[in-house]
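Coordinate inspection notes
What follows is each chain in one-letter form.
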Amino acid sequence: QVQPQSAYDVIVVGSGAGAMAAAVVAADQGLSVLVVEKSDKYGGTSAISGGGIWIPNNHYFAEKGGADSFDKAFTYLKAAAGDKVDEARLRAYLEYAPRMIHYLETRSRVRYAVADKYPDYYQHLPGSLPGGRSLDPELFDTSLLGDEYEHMRKPSPTTLLMGRIAWTARHAHKAMSREFGWRLMLLGLMLRYKLDFKGRRKGKMDRRAALGASLIAALRRSLMDRKVPLWLNTEFRELVVEDGRVTGIEVLQGGRKLTLQARRGVIFGCGGFEQNQALREKYLPQPTRADWSATPPGNNTGAALEAAQAIGAATDLMDWAWWAPTIKVPGEEKPRGIFAERAFPGAIVVNGHGKRFVNEAAPYLEFVDAMYREHQKDSQSIPAWVIFDARFRFNYAMGPLMPAQVMPDSRLRKEWLNSVYWKADSLDGLARQIGVDPAGLDATVKRVNEFARTGVDSDFARGGNVFDRYYGDSNVKPNPCLAPLTKGPYYAMRLDAGDIGTKGGLLTDANAQVLHENGQPIPGLYAIGNTSASVMGTSYPGAGGTLGPAMTFGYIAARHIAASL
Ligand code: FAD
């Protein structure tokens, strides 16, 4: 018989958005809750993310007159996820996601708004919408966290306007696509920042958090309101199982092993295994590297996955990640995801033959999936290379390179040349520097330049749907995602086959209970977020497709535990 040092009704492992949402809901159900987090910072990848959540049929869109329905969303999700995912889970997601966000909006500090122009990613599938299902966090005043703010994982300043001013994804999109009124909007943001005298007395950083940081700050404050303890530096190591039921966990804290009792249930919300090189090599397509992942180094190493497998848990989708191409920048702890820039007109992506192999504006998951598929043929597509000319460089950002009109080459860090970007007066010279076939690149550019003139990419249909055009430049005609590459100097940047977390994990049912290989739920054990195999199958149906399910199944797990008292 194990002697526990502490006992709670529910122990939540991990402190990302799904974990904290689960803890909030469990506490509201009258359960005693403990959150344990292995690192010295709470928030996980969720804190450095965009914080977007994909919630079909949500009340924000409905209040603005938007038309969506369970059936429409089901048609779409079923088409995207295919037959790989149990329909009961798909239905549970679509039924509870809108309830989850309505609950948090009315009962906690979490605040969202609808990004009504952000299209679903697969516009060709039935039931897709051109906007209204992705939600974007409102700004959150971090002074409400007091000293607890110090312990939050902070996003890179590069996600802030001018490295210090908080802005939402809706603001960023308006500026990037130079929508009508974007300059005035920027001025407004800057003024509001300047006039925050209380904040300015404290320092340069905006005290408002945006994106994932806003979500995590709001959830952390909601846990403080409920006096739910969150233990940092407390690493989950083993499950405690009695008579086939999970009754607790063993953790390592300050070098000491502790046994904690979970009377009603353990919820794993502790991410996937993307930071574990050995597990990547075991499960993911090759080549693969933990340091291509845009997630916090060292956090998500798959301890929960391995512990559950050891007691017979089933897994699924283990060879999938939430893929996103990344660029490494010297001195930064993790690479940057390249989400939007691929759609800007005038940049193309080629493999070692100098050939395009995918619609550059495709969703990030499909983009890296295409890198792997192409690489299988003759090992020429990982890494891939994004190529652009001086006109692109002047007007648009690409990863860490801000547009030359605000940051000319002379102001870029010297060590970036030939490590973050390559530059040459001619395409031929550029191709030789990066080891790409010069004739292939020349032919590709000539072909793309013709597509730019006609507006039709007859190879990959770039700019052919409303999702591609979301990040296009509406001032560029006839196709906002296509412009010719004609003006030297020319630039190249290396794209790795990165990710923003793994997608496979513990197989769960519609209640978020972990399933045994025999198909039965393991009593007392729940998994959400990237610890579980995604409810989206191998798809990424819209912005917020990872955090939406993490929070929704956190909500479901907490209520299921409470209901089974
Ligand atoms: P995490 O948020 O990473 O939380 C897991 C936590 O568990 C970590 O704090 C970790 O330290 C802790 N942990 C791990 N192992 C243990 C252990 N043994 N014991 C105790 N604690 C442990 N997704 C979206 O849906 N919308 C977006 O807008 C979005 N934008 C993104 C932007 C970027 C730049 C990146 C990198 C990702 C983005 N994502 C987005 C992806 C999303 O952030 C992740 O998929 C999501 O955060 C995963 O949530 P999680 O709760 O599973 O893991």
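Predicted, not measured: the structure shown is a model, and the values here were computed from it.

**Focus: the domain arrangement of the protein chain**
- Domain annotation of the protein chain identifies domain 1 (1–160 + 208–321 + 502–565), domain 2 (162–205) and domain 3 (326–495).
- A straight line from the C-alpha centre of domain 1 to that of domain 2 covers 30 Å.
- In this assembly, 16 residues from domain 1 lie in contact with 15 residues from domain 2.
- Surface buried jointly by domain 1 and domain 2 totals about 1,200 Å² across both partners, of which 55% is contributed by carbon and sulfur atoms.
- Broken down residue by residue, the surface that domain 1 buries against domain 2 is led by Leu139, Leu160 and Arg208, which jointly contribute 48%.
- Its salt-bridge partner being Asp136, residue Arg170 comes within 2.6 Å of it at the nearest N-O pair.

**With respect to the sheet that holds strand β16 (residues 347–350)**
- Here we have 4 strands laid out as an open sheet, ordered β16-β17-β19-β18, and antiparallel in their pairing. Of all the strands in the sheet, the pair left with one neighbour each is β16 and β18 (422–424). Between one strand axis and the next, the sheet turns by 25 degrees as a mean value, whatever way the strands run.
- Here β18 pairs with strand β19 (residues 490–495) via 3 bridges, running antiparallel. Bridging from a neighbouring strand, Trp422 pairs with Ala492 of β19.
- Relative to β18, helix α14 (residues 427–434) is tilted by about 145 degrees, and along the sheet it contacts β17 (384–388), β18 and β19.
- Strands in contact with helix α15 (residues 438–454) are β16 and β17; relative to β16, the strand with the most contacts, it is inclined by about 140 degrees.

**Things to note about the packing of helix α4 (residues 70–81) against helix α5 (residues 87–107)**
- Remark: α4 packs on α5, axes separated minimally by 10 Å, with the N-to-C direction vectors making an angle of 135 degrees. Looking at the two axes, α4 sits oblique to α5. For the crossing formed where α4 meets α5, the hand is right-handed. On α5, the residues that touch Phe70, Ala73, Phe74, Leu77, Lys78 and Ala81 of α4 are Glu87, Leu90, Arg91, Tyr93, Leu94 and Glu95.
- Residue composition of the contact of α4 with α5, grouped by class: 8 nonpolar, no polar and 4 charged.

**Considerations on the environment of Arg109**
- Here Arg109 shows up in the loop between α5 and β4 (112–114).
- Judged by its relative accessible area of 30%, Arg109 falls in the partly exposed class.
- Distance from Arg109 to Gly16, taken between C-alpha atoms, is 16 Å for residues 93 residues apart in sequence.
- Among all residues touching Arg109, those that are not within four sequence positions of it are Leu104, Phe140, Leu144, Ala218, Arg221, Ser222 and Asp225.
- Separated by 2.8 Å, the side chains of Arg109 and Asp225 make a polar contact.

**Some points on the site of the ligand**
- Near the ligand, the surroundings consist of 35 residues, among which Glu37, Ser46, Asn530, Thr546 and Leu547 are the closest.
- For the ligand, a nitrogen atom lies 3.1 Å from a polar atom in the backbone of Lys38.
- Contact between the ligand and Leu547: an oxygen atom at 2.7 Å from a main-chain N or O atom of the residue.
- Isolated, the ligand exposes 1,000 Å² of accessible area, and the fraction of that covered by the protein chains is 94%.

**Details of α15**
- The terminal C-alpha atoms of α15 lie 25 Å apart, and with 17 residues this matches the ideal 24 Å at 1.5 Å per residue to within 8%.
- Inspection of α15 places Pro438, Gly440, Leu441, Thr444, Val445, Val448, Asn449, Phe451 and Ala452 among the buried residues, and these make up the whole buried set. Buried positions in α15, seen along its axis, are confined to an arc of 165 degrees and lie on one side of it. The outward face of α15, more than 90 degrees from its buried face, is lined by the exposed residues Ala439, Lys446 and Arg453.
- Buried residues belonging to α15 abut β16, β17 and α14.
- Looking one or two residues past α15, Gly455 carries a phi angle of roughly 85 degrees, positive in sign.

**Looking at the sheet that holds strand β5 (residues 134–137)**
- Taken in spatial order, the 3 strands of this open sheet run β3-β5-β4, and their pairing is antiparallel. At either end of the open sheet lies a strand with only one pairing partner, and these are β3 (53–54) and β4.
- Here β3 pairs with β5 via 2 bridges, running antiparallel. Within β5, the position partnered with Trp54 by the bridge is Ser134.

**Details of the pattern of salt bridges**
- All chains considered together, the criterion is met by 41 salt bridges.
- For Arg393, the salt bridge is made with Asp409, and the minimal N-O distance between the two is 2.8 Å. Here Arg393 is found in helix α13 (residues 390–395), whereas its partner Asp409 is found in the loop between α13 and β18, with 16 residues between them in sequence.
- A relative accessible area of 17% means that Asp409 is categorised as buried.
- Connected through shared salt-bridge partners, Asp141, Arg192, Asp196, Asp206, Arg207 and Arg208 make up one network.

**Overview of the pairing of strand β9 (residues 234–242)**
- Across 8 bridges, β9 lies against strand β10 (residues 245–253) in antiparallel orientation. Residue pairing for β10: Phe236 is matched across the bridge by Val251.
- Hairpin connection, β9 to β10: the antiparallel pair is bridged by 2 residues, and Asp243 has positive phi, about 50 degrees.

**Some points on the environment of Met185**
- Note on placement: Met185 falls in helix α7 (residues 182–194).
- Excluding its chain neighbours within four sequence positions, the residues that come into contact with Met185 are His171, Lys174 and Ala175.

Quick notes on the rules
Residues numbered from 1 in each chain as written. Predicted model: local features only at pLDDT ≥ 70, side-chain atom pairs only at ≥ 80, totals over all residues. Heavy atoms only, no water. Domains from an automatic or database assignment. Contact = heavy atoms within 4.5 Å. Buried area = accessible area lost by both parts, 1.4 Å probe. Salt bridge = Lys/Arg side-chain N within 4 Å of Asp/Glu carboxyl O. Pairing = 2+ DSSP bridges. Helix = DSSP H or I, 4+ residues; strand = E, 2+ residues; numbered from the N terminus. Axes fitted to C-alpha atoms, helices over the stretch in contact; angles between N-to-C directions. Parallel < 35°, antiparallel > 145°, perpendicular 65-115°, else oblique. Left-handed = near helix turned anticlockwise from the far one by under 90°. Nonpolar A, V, L, I, M, F, W, Y, C, P; charged D, E, K, R; others polar. Buried < 20%, exposed > 50% of the residue type's maximum accessible area, 1.4 Å probe, protein only. Polar contact = N/O pair within 3.5 Å; in protein donor to acceptor, adjacent residues only side chain to side chain. Near = heavy atom within 4 Å. Areas by Shrake-Rupley, 256 points an atom, 1.4 Å probe, with all protein chains shown as cover. Expected span 1.5 Å × (residues − 1). Arc of directions from axis to C-beta.

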